[in-house]
Amino acid sequence: MRKPIIAGNWKMHKTIAEATGLAAELAAAAAALDDVEVIVAPPFTALAGVVGALPADSALRVAAQNCYCEDKGAFTGEIAPSMLVDAGCSHVILGHSERRKIFGENDALINRKVHAALAAGLNVILCIGETLEEREQERMYDVLKTQVSEGLKGLAGEQLARVVIAYEPVWAIGTGRTATSDQAEEAHSFVRGLVGGLFGQSEAEAMRILYGGSVKPENIDGLMARENIDGALVGGASLQAEDFIRIMNFARSG
Ligand SMILES: O=C[C@H](O)COP(=O)(O)O
């Protein structure tokens, strides 16, 4: 039985005060849910503040939205995985489609980041997903296959256990156009099969695969009801406590 994960990606939103306030509200709600793992990903500037505002035994975990693949050095503007650990993060999101598209990150760089993050002791949420054009050209399976095999390249089984995959069809992100639960289940089942082929059946069965793309309180239960959907990576609806708490609660009952 895979424990569901509900993760909120706050992207480039929230001051330190706003982030710590929201995190405190979410932590109180997460404390009542021992059957769902809840993660929030504030912007870099708010990470230490959010961690510091949480009780020591908080059920709410904190992720960064990105990191670099080196531990230190002359990399102006970048953040090392060890710095995220120092700030109190347990997770890092890597390979988000906004990083791929806007900042030109490719699978090779993302794979280096995955290795560096795991080596520093972080858990990784690896994002994958096809664009609308790739789907319409029936290249979706090829794209997912490349992103999974290149993103996870060279990992050992112990490392894979600290990786979560987030399937986020790019056409569903921030558009209000959620993938149907059939579309999402089809992609998740394909991704689980890929992981099985690369690492083995039991590793694939243990892997949590999250869906992301316009997840809301109104559609989370239909998604969570599907066999291969183990939670959600939520953008817009994670920015206010009420919606995100509703999503967390649906994930429990789903
Ligand atoms: O990381 C989260 C995704 O990009 C989904 O964002 P969204 O829920 O605003 O569509």
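Summarised in this report is the structure supplied together with it. (Residues numbered from 1 in each chain as written. Predicted model: local features only at pLDDT ≥ 70, side-chain atom pairs only at ≥ 80, totals over all residues. Heavy atoms only, no water.)

Right, let's get into the site of the ligand. Near the ligand lie 13 residues; those nearest to it are Lys11, His96, Gly174, Ser214 and Gly236. In the model, an oxygen atom of the ligand is placed 2.6 Å from a nitrogen or oxygen of the Gly174 main chain. Gly236 places a polar main-chain atom, nitrogen or oxygen, 2.8 Å from an oxygen atom of the ligand. When the free accessible area of the ligand is taken as 300 Å², the share hidden by the protein chains comes to 95%. (Near = heavy atom within 4 Å. Polar contact = N/O pair within 3.5 Å; in protein donor to acceptor, adjacent residues only side chain to side chain. Areas by Shrake-Rupley, 256 points an atom, 1.4 Å probe, with all protein chains shown as cover.)

Here the focus is the sheet that holds strand E2 (residues 37–41). An order of E1-E2-E3-E4-E5-E6-E7-E8 is seen for the 8 strands of this closed barrel, with the pairing classed as parallel. Each neighbouring strand pair of the sheet contributes to a mean axis angle of 25 degrees, computed without reference to strand direction. Across 4 bridges, the pairing between strand E4 (residues 91–94) and strand E5 (residues 123–128) is parallel. The partner of Leu94 across the bridge, within E5, is Leu126. (Pairing = 2+ DSSP bridges. Helix = DSSP H or I, 4+ residues; strand = E, 2+ residues; numbered from the N terminus. Axes fitted to C-alpha atoms, helices over the stretch in contact; angles between N-to-C directions.)

The contact between helix H5 (residues 107–119) and helix H7 (residues 140–151) brings their axes to 8 Å, and the two run at 40 degrees. In terms of their interaxial angle, H5 and H7 are classed as oblique. For H5 against H7, the interelement crossing comes out right-handed. The residues of H7 that touch H5, namely those facing Asp107, Asn111 and Val114, are Thr146, Gln147, Glu150 and Gly151. Residue classes in the contact of H5 with H7 are distributed as 1 nonpolar, 4 polar and 2 charged. (Parallel < 35°, antiparallel > 145°, perpendicular 65-115°, else oblique. Left-handed = near helix turned anticlockwise from the far one by under 90°. Contact = heavy atoms within 4.5 Å. Nonpolar A, V, L, I, M, F, W, Y, C, P; charged D, E, K, R; others polar.)

In this section: the pairing of strand E3 (residues 60–64). Most of E3 is tucked away: 4 of the 5 residues are buried. In this sheet, E3 lies alongside E2 in parallel orientation, the contact comprising 3 bridges. Directly across from Ile39, in E3, lies its bridge partner Arg61. In the classification by handedness, the crossover that spans E2, the intervening helix H2 (residues 44–53) and the parallel E3 is right-handed. Where E3 meets E4, 2 bridges bridge the pair, whose relative direction is parallel. Note that in E4 the partner of Ala64 across the bridge is Val92. In the classification by handedness, the crossover that spans E3, the intervening helix H3 (residues 81–87) and the parallel E4 is right-handed. (Buried < 20%, exposed > 50% of the residue type's maximum accessible area, 1.4 Å probe, protein only. Right-handed = clockwise from strand over helix to strand, strands pointing away.)

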